Amino acid sequence: MTAQHVARCACGKVELELSGAPLISLVCHCDDCQAGSAMIEALPGGPRILDAGRGTPHVLYRNDRVLCTKGTELLQGYTLKPDSTTHRMVASCCNSPMLVRLPPVLHWTPIYRDRIALPAPPLEMRIQTRFLPAGIALPADLPAVSGTPLTFVVRMVAAKLAMLLGR
């Protein structure tokens, strides 16, 4: 499969090839995404990740459609807790957030949307908005759901079936 999109760190030393269509493009407002993004933003030279609504824009791809083609050795994982199986992978050369490695049981990989070379897939929705901090207004630019929408679940199940069927 050929790359549909490429994601690069700010200095160009790390590159991901993203094949096929993304599963979904969204902004997540969960407390873990907020905390993880704030942690990366606090790194020296760390870029702004959180949007005005304290959401983290991600584009989700099947695990088998994400390939690091350059700078794998520069990817450094950050966790919110020492025993966490979720690793926010940052290009150590320039502290650019690249992707999130989720527990092995999950079959998708969130890519930080701002790292995808333009044109990045358009955002479709905001999820987990119940975690919006007090005093922060939710932007009205996208449909918003307080939890995990059925659309998300259906797409993830369809992706897993396609993987099992070798498609």
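Model, not experiment: these values are computed from the prediction. (Residues numbered from 1 in each chain as written. Predicted model: local features only at pLDDT ≥ 70, side-chain atom pairs only at ≥ 80, totals over all residues. Heavy atoms only, no water.)

Engineer: Any chance you could break down the nonpolar core for me, citing the residues and the numbers?
Structural biologist: The biggest cluster of nonpolar side chains holds 17 residues, and the ones touching the most others in it are Ala 7, Leu 16, Leu 18, Met 98, Ile 111 and Ile 116. Among the elements of the structure, β2 (15-19), β4 (56-62), β7 (87-91) and β8 (96-101) are those that each provide at least two residues to this core. Apart from the residues within four sequence positions on either side, Ile 111 is in contact with Ala 7, Leu 16, Leu 18, Pro 57, His 58, Val 59, Tyr 61, Val 66, Met 98, Leu 99 and Ile 116. In this structure, Leu 26, Cys 28, Trp 108 and Phe 152 belong to the second largest nonpolar core, which totals 13 residues. (Core = buried A, V, L, I, M, F, W, Y, C linked by side-chain atoms within 4.5 Å. Buried < 20%, exposed > 50% of the residue type's maximum accessible area, 1.4 Å probe, protein only. Helix = DSSP H or I, 4+ residues; strand = E, 2+ residues; numbered from the N terminus. Contact = heavy atoms within 4.5 Å.)

Engineer: Please provide a residue-by-residue account of the packing of aromatic side chains, values included.
Structural biologist: Going through the model one piece at a time under the given rule, you end up with 1 aromatic pair. Judged by centre distance (5.7 Å) and plane angle (90°), the rings of Trp 108 and Phe 152 are edge-to-face. Of this pair, Trp 108 sits in strand β9 (residues 108-112) while Phe 152 sits in helix α2 (residues 150-164), placing them 44 residues apart in sequence. For the pair formed by Trp 108 and Phe 152, the shared burial category is buried. (Phe/Tyr/Trp six-rings, centres within 6.5 Å; stacked < 30°, edge-to-face > 60°.)

Engineer: So what's going on with a nonpolar patch on the surface? Which residues, and what values?
Structural biologist: A contiguous nonpolar surface patch, about 580 Å² in accessible area, is contributed by Leu 150, Val 153, Val 154, Val 157, Leu 161 and Leu 164. By secondary structure assignment, the location of Val 157 is in helix α2. Take Val 157: its relative accessible area is 46%, and that puts it in the partly exposed class. (Patch = residues over 30% accessible without salt bridge, like charges linked within 9 Å, V, L, I, M, F, W, Y side chains within 5 Å. Areas by Shrake-Rupley, 256 points an atom, 1.4 Å probe, with all protein chains shown as cover. Salt bridge = Lys/Arg side-chain N within 4 Å of Asp/Glu carboxyl O.)

Engineer: Give a description of the side chain of His 5 that names residues and reports values.
Structural biologist: Inspection of the secondary structure puts His 5 in strand β1 (residues 3-8). In terms of polar contacts, His 5 uses its side chain to reach the side chain of Tyr 61, at 3.1 Å. The residues contacting His 5, other than those within four sequence positions of it, are Leu 16, Glu 17, Leu 18, Tyr 61, Ile 116, Ala 117, Pro 119, Ala 120 and Pro 121. (Polar contact = N/O pair within 3.5 Å; in protein donor to acceptor, adjacent residues only side chain to side chain.)

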